[in-house]
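# Coordinate inspection notes
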Amino acid sequence: MVTTFWNLAPPLPLASRAEWAHGEVLLDSVKCPVYPGHQRRGARLSNLIVTLPRRPVRDFVWTWYGECLVREETAVRLEGEGFTGFRLNPVTARYKRSADQLPPVLQELAVTGWGGLAPSDSGIELEYCCPHCGLKRYTCFTRPDKIIDSSLWDGSDFFFVWPLPAYMLVTDRVARYLLATKMTGFRLVHPQDLTCVSGLSPGRLSYWLPEQRAREIGEPLGIY
C-alpha cells in the first residue's frame, strides 16, 4: 500500500500572515572567520512574539518566516487525535493596534518528525560547503514527486525531509482530519506540485529539532 503525503502550507493571500514583533525575538548569528559574506542568522533563542492582523484568527496562523501557529483549542484537538511528530511551543501574540481586544492563545506547532534525506532522484544535491563555518547550500529539487523516500520516514504524522525543513509534510490521515473537521488557515499541496525558486540553505538540523534528537540524527549525516 502506497502512503500518501501532503505539504501543509499557508493559505493565500500572503497579507494574512503574522509578523515577528520587531526586535523582540532573539536570534543567534553565525560569523565565518574567513568569508564575511557567510554571516547569517543562526538558531532562534526565544519563543515567538508576534503581531496579528486585525481579522478573525483562524485555526492555523502562519508567520512571514514560515512558522506554523495554532489556536490552543486546535492544538488540543490535534493532540487528542494522537497525531505524532510535533511539539508545541508557547507564543506571545497581540494585534497590531494596542486598542484591539486580546487575541486567542496561540502555540507554535514545531515539527519533530523525520523523513530522512531527500533522495538524489529529487535533483537535490549539496552544491557548496564552507570548510570554515559549515555553511551548506543545496540545489533546488527538479522532481518534487521524488523528495520523499518512505523507507527513511520514521512514521510520524508531521515530518520534514532534509534539506527542506520549511516544508511541513503530513500524512493523509492528518489531511483527511483537517478537511473533515473544516479547520481553517491552511492549504494542502501534493508533493508533485511543490515549487522551489532558488537554492536551499536550511542551516543546521539543530535549528529545527530538539538538541538531543538533532544530535542523534544529524551527527552521522554531517548536518547537526
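Quick look at the structure, then. None of these values were measured; they are calculated from a predicted model.

It is worth spelling out unusual backbone geometry at this point. Peptide bonds are trans in most cases, and residues, glycine excluded, mostly fall at negative phi. Cis geometry is found at the peptide bond from Leu12 to Pro13, where omega equals 5 degrees. Cis geometry is found at the peptide bond from Trp162 to Pro163, where omega equals 10 degrees. Its identity is not glycine, yet Lys182 carries a phi of approximately 55 degrees, on the positive side. Relative to the assigned elements, Lys182 resides in the loop between α2 (172–180) and β16 (187–189).

Let's shift gears to the sheet that holds strand β2 (residues 19–20). In spatial order, the strands read β2-β5-β9; together these 3 strands make up an open sheet with mixed pairing. For this open sheet the edge positions go to β2 and β9 (92–95), each flanked by a neighbour on one side alone. In terms of strand pairing, β2 meets strand β5 (residues 49–52) through 2 bridges, oriented antiparallel. Bridging across to β5, Glu19 finds its partner in Thr51.

Residue placement: Gln107 occurs in strand β10 (residues 106–111). Excluding anything up to four places from it in sequence, Gln107 contacts Cys68, Leu69, Val70, Glu72, Ala75, Leu88, Asn89 and Val91.

Before going further, it helps to spend a moment on the nonpolar core. Across soluble globular proteins, nonpolar side chains show a tendency to be buried alongside one another. Grouped together as the largest cluster of nonpolar side chains are 44 residues, with contacts concentrated most on Leu8, Phe60, Leu109, Phe158, Leu178 and Leu205. The element that contributes the greatest number of residues to this core is strand β14 (residues 158–162), accounting for 5 residues. With residues near it in sequence (within four places) discarded, Leu178 still touches Leu8, Phe60, Leu78, Met183 and Phe186. Within the second largest apolar cluster, 15 residues are counted, among which are Ala18, Ile49, Leu52 and Leu69.

In β9, alternate side chains face the same way, and those of Ala93 and Tyr95 are buried while those of Thr92 and Arg94 on the opposite face are not. As paired strands, β5 and β9 are joined by 4 bridges and run parallel to one another. When the bridges of β9 are listed, Thr51 appears paired with Arg94.

Moving on, we get to the packing of aromatic side chains. Using the criterion set out here, one finds 10 aromatic pairs in the structure. Geometrically, the ring pair formed by Phe5 and Trp153 is edge-to-face, given 4.9 Å between the ring centres and 80 degrees between the ring planes. Placement of the pair is Phe5 in strand β1 (residues 5–9) and Trp153 in the loop between β13 (136–138) and β14, with a sequence separation of 148 residues. We classify Phe5 as buried; its relative accessible area is 7%. On the basis of an interplanar angle of 70 degrees and a centroid distance of 5.2 Å, the ring pair of Phe86 and Phe158 is categorised as edge-to-face. Within this pair, whereas Phe86 is found in strand β8 (residues 86–90), its partner Phe158 is found in strand β14, the two being separated by 72 residues in sequence. Neither residue differs from the other here; Phe86 and Phe158 are each classed as buried.

Turning our eyes to something else, we now look at the sheet that holds β16. Pairing within the open sheet is mixed, and its 5 strands lie in the order β11-β14-β15-β1-β16. Every interior strand has two partners, whereas the edge strands, β11 (114–117) and β16, have only one. Across the sheet, the mean angle from the axis of one strand to that of its neighbour is 35 degrees, orientation sign disregarded. The pairing of β1 with β16 spans 3 bridges and is classified as antiparallel. Looking at the pairing, Ala9 lines up with Arg187 of β16. Across the face of the sheet, α2 comes into contact with β1, β14, β15 (169–171) and β16 while running at roughly 85 degrees to β15.

Analysis parameters
- Residues numbered from 1 in each chain as written.
- Predicted model: local features only at pLDDT ≥ 70, side-chain atom pairs only at ≥ 80, totals over all residues.
- Heavy atoms only, no water.
- Helix = DSSP H or I, 4+ residues; strand = E, 2+ residues; numbered from the N terminus.
- Pairing = 2+ DSSP bridges.
- Contact = heavy atoms within 4.5 Å.
- Core = buried A, V, L, I, M, F, W, Y, C linked by side-chain atoms within 4.5 Å.
- Buried < 20%, exposed > 50% of the residue type's maximum accessible area, 1.4 Å probe, protein only.
- Phe/Tyr/Trp six-rings, centres within 6.5 Å; stacked < 30°, edge-to-face > 60°.
- Axes fitted to C-alpha atoms, helices over the stretch in contact; angles between N-to-C directions.

Keep in mind these numbers describe shape, not what the thing actually does.
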